[in-house]
Amino acid sequence: MDGRFLIAGERIATARRFQGCNPAAGVAIEGEFHVSGPDHVDRACAAADAAFDAFRETSPQARADFLEAVASHIEAIGEPLVERAMQETGLPRARLEGERARTTGQLRLFAQVLRAGRWAGVVIDSPLPARQPLPRSDLRQRRIAVGPVAVFGASNFPLAFSVAGGDTATALAAGCPVVVKAHPAHPGTSLLVAGAIDMAIAACGLPRGIFSIVQGPGNDLGAALVRHPAIKAVGFTGSRNGGLALVAIAQARPEPIPVYAEMSSVNPVILLPGALAERAEALGTAFVGSLTMGSGQFCTNPGLVFGVEGADLDRFVAAASAALAEAQPQVMLTQAIHVAFERGVETLSAGAALVGRGRAPDGCNRGQAALFTTDADAVIANPELVHEVFGAASLVVRARDLDQIARVLRTLEGQLTATLHLGEGDAEPARALLPILERKAGRILANGWPTGVEVAHAMVHGGPWPATSDPRSTSVGSAAIERFLRPVCYQDLPDALLPDAIRDGNPLGLPRLVDGELTR
Ligand SMILES: NC(=O)C1=CN([C@@H]2O[C@H](COP(=O)(O)OP(=O)(O)OC[C@H]3O[C@@H](n4cnc5c(N)ncnc54)[C@H](OP(=O)(O)O)[C@@H]3O)[C@@H](O)[C@H]2O)C=CC1
Ligand SMILES: O=C(O)CCC(=O)C(=O)O
């Protein structure tokens, strides 16, 4: 496999190399990857900056065609992509094939978003020359791309949140060149996808500088990228420490820039009394299915469960414990992630009672699922208990009553999701909890499980800090494009000088709000 990274269409070799690791066996994978340095970050960013003006003014149709070409080129890699991703991540084939479909589906969704045109945010206020006491100017607003975007590939979704994942798809859709910092846990997968993007750029006749990828272990590379003056926004999915470090770097720049970091979440699940009375066992089994999916390596993993103490909650815990005892140990993404998981389990062990663990590990880097229980007072006294443990570990909190659940929920940090399980008689307590959940989470579910985010127009994959660094945004779904756009107002510019999006006659056929009325 070609381990050279890509800057503006050029494959780059360097003297320093690193290797990928197969976490299932704990051994290096054959093949070497060339380590990028600060000079390469500089070249990639300069190329992105040089390509920006031409790329941002390509037509929405041209960018839609390009995103579809990226999807087709990823599909054309075929089996080698899935094989390589399996080797590098330990994730099973079915999951990776599904993730590939999600990735290409996401690129095609953004092609549709571009053609539908709402993203351009065209608003026109007609001039009122006779208005008294002062005339009103001709005011026209559209949204433009913010500039080159730095994207950090996530370890846990090597396709859908990595090189051609949601951040890259939305930045390119918006008209922003992208410089990716590849995640060192899946370097081969990253370069295969990067090659597909580059081929699509060439096939569509776009400037090569709109995409580059740098790679190598260590924080310096990513830090240099975020510091680079050409970079105007950052997309990140990963750890709280990593996300906060990038936010700090971005804020300390002479020109601070936004960082859209999706970080940590325990995704509280509330089992209301009616639901527990009706189906405690079924809930216990389904909960373990969501908890252990992908070895629990989802930021949407249900890490905290609430119920009112009593026989029904005991039935739930017993069913969950029985299902957990059968849960197979699964390979975790990296040795560091496995070690961090076991450390998190130790922290929970110190403050809560162990309900049970999954089957014992039968190889290296296997995550052994773990379930704990404690009471609500202990959680209020020890907030460490409700910090994310990345992997299949969860805590069941036994409360005296619903008021106590509400009190604990109010103390929680921001979350990506919050889930209510409802049964007979639960509508009123649910109504009372909803305002609390709205203040805490980006997505509220009923009678489901939070893992598995739908890529759709109404999706919000975001939430207040520390779920994300910007609660006004989503990293999944159509609205994710808004992170990489900014509004510009044109006042009294002659029609010949206006961009097509806001010219008279609407040459691009974009939806417009004209004098407050929606038109096309
Ligand atoms: N909530 C979630 O969605 C996820 C949470 N995690 C958590 O993160 C832990 C580590 O996993 P990992 O996926 O490696 O996530 P990290 O946040 O450690 O790393 C993600 C990316 O950010 C870079 N990075 C991290 N810190 C810095 C920094 N201070 N300065 C510059 N770049 C930085 C990394 O580069 P490099 O590796 O080269 O240093 C990597 O490319 C897990 O154990 C888990 O706790 C992980 C994935 C998803
Ligand atoms: O649950 C999902 O589909 C997405 C989860 C996610 O964004 C993450 O784990 O980083």
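Treat the numbers as computed from the prediction; the structure is a model and nothing was measured.

About the thresholds
Residues numbered from 1 in each chain as written. Chains lettered and ligands numbered in written order. Predicted model: local features only at pLDDT ≥ 70, side-chain atom pairs only at ≥ 80, totals over all residues. Heavy atoms only, no water. UniProt positions renumbered as here; feature names shortened; annotations may be inferred. Helix = DSSP H or I, 4+ residues; strand = E, 2+ residues; numbered from the N terminus. Near = heavy atom within 4 Å. Polar contact = N/O pair within 3.5 Å; in protein donor to acceptor, adjacent residues only side chain to side chain. Areas by Shrake-Rupley, 256 points an atom, 1.4 Å probe, with all protein chains shown as cover. Phe/Tyr/Trp six-rings, centres within 6.5 Å; stacked < 30°, edge-to-face > 60°. Buried < 20%, exposed > 50% of the residue type's maximum accessible area, 1.4 Å probe, protein only. Nonpolar A, V, L, I, M, F, W, Y, C, P; charged D, E, K, R; others polar. Axes fitted to C-alpha atoms, helices over the stretch in contact; angles between N-to-C directions. Parallel < 35°, antiparallel > 145°, perpendicular 65-115°, else oblique. Contact = heavy atoms within 4.5 Å. Pairing = 2+ DSSP bridges. Left-handed = near helix turned anticlockwise from the far one by under 90°. Expected span 1.5 Å × (residues − 1). Bend = angle between axes of the 7 residues up to and from the residue.

Right, let's get into the UniProt feature "domain: Aldehyde dehydrogenase" (unreviewed entry) in the chain. Here, UniProt's "domain: Aldehyde dehydrogenase" (unreviewed entry) annotation points to residues 16-419. The span residues 16-419 carries 47% helix and 19% strand; its end-to-end C-alpha distance comes to 47 Å.

Our focus in this paragraph is the site of ligand 1. Within the structure, ligand 1 sits among 25 residues, and Ser155, Asn219, Ser239, Met263 and Cys299 are positioned closest to it. At 3.0 Å from an oxygen atom of ligand 1 is found a side-chain nitrogen or oxygen belonging to histidine 183. Between an oxygen atom of ligand 1 and a main-chain N or O atom of glycine 218, the distance comes to 3.0 Å. Protein chains shield 84% of the accessible area of ligand 1, which is 860 Å² for the free molecule. Elements with a contribution of two residues or more to the shell around ligand 1: α7 (219-227), β12 (233-237), α8 (240-252) and α11 (335-351).

Let us look at the packing of aromatic side chains. This model, assessed by the stated rule, comprises eight aromatic pairs. With 5.7 Å between their ring centres and 45 degrees between their planes, phenylalanine 18 and phenylalanine 33 make a pair best called tilted. In this pair, phenylalanine 18 sits in strand β3 (residues 17-18) while phenylalanine 33 sits in strand β6 (residues 33-34), placing the two residues 15 residues apart along the sequence. Exposure class is identical for phenylalanine 18 and phenylalanine 33. Each is buried. Between phenylalanine 287 and phenylalanine 316, the ring centres sit 5.6 Å apart and the planes meet at 40 degrees, which makes this aromatic pair tilted. Residue phenylalanine 287 is found in helix α9 (residues 273-292), and its partner phenylalanine 316 is found in helix α10 (residues 311-325); the two are separated by 29 residues along the sequence. An aromatic cluster is present here, built from Phe157, Phe161 and Phe298 joined pairwise through their rings.

For ligand 2, the set of nearby residues contains 13 residues, the closest of which are Asn156, Cys299, Thr300, Val453 and His461. Glutamate 262 places a side-chain nitrogen or oxygen 3.3 Å from an oxygen atom of ligand 2. Taking cysteine 299, its main chain carries an N or O atom lying 2.6 Å from an oxygen atom of ligand 2. Here ligand 2 has 290 Å² of accessible area as a free molecule, and 99% of this is covered by the chains. Residue composition of the shell around ligand 2, grouped by class: five nonpolar, six polar and two charged.

Our focus in this paragraph is the packing of helix α2 (residues 60-77) against helix α4 (residues 93-116). Remark: α2 packs on α4, axes separated minimally by 8 Å, with the N-to-C direction vectors making an angle of 170 degrees. In terms of their interaxial angle, α2 and α4 are classed as roughly antiparallel. Facing α2, whose interface residues are Pro60, Gln61, Arg63, Ala64, Asp65, Leu67, Glu68, Val70, Ala71, Ser72, Ile74 and Glu75, α4 presents Arg100, Thr104, Leu107, Arg108, Phe110, Ala111, Leu114 and Arg115. Considering only residue class, the contact of α2 with α4 consists of ten nonpolar, three polar and seven charged.

A few words on the sheet that holds β12. Strand order in this open sheet of seven strands is β2-β1-β11-β10-β9-β12-β13, and the pairing throughout is mixed. Among the strands making up the open sheet, the edge pair consists of β2 (10-12) and β13 (259-262). Direction aside, neighbouring strands of the sheet carry axes that sit 25 degrees apart on average. Both strand β9 (residues 149-152) and β12 contribute to a ladder of four bridges, which runs parallel. Each residue of the ladder has a partner; that of alanine 150, found in β12, is valine 234.

One way to put it is that α7 packs onto α8 with a least axis distance of 9 Å and a crossing angle of 35 degrees. Note on packing geometry: the crossing formed by α7 with α8 is right-handed. Facing Ala223, Val226 and Arg227 of α7, the residues of α8 in contact are Leu246, Ile249 and Ala250. A per-class count over the contact of α7 with α8 returns five nonpolar, no polar and one charged.

What follows covers helix α14 (residues 427-440). Compared with an ideal rise of 1.5 Å per residue, which puts 14 residues at 20 Å, α14 spans 20 Å between its outermost C-alpha atoms and is within 8% of the ideal. The sharpest bend along α14 measures roughly 35 degrees and falls at leucine 434, with the proline proline 435 sitting one to four residues further on. All buried positions along α14 are accounted for by Pro429, Ala430, Leu433, Ile436, Leu437 and Lys440. On its buried face, α14 is in contact with β14 (268-271), α13 (402-411), β21 (415-421) and β22 (441-446).

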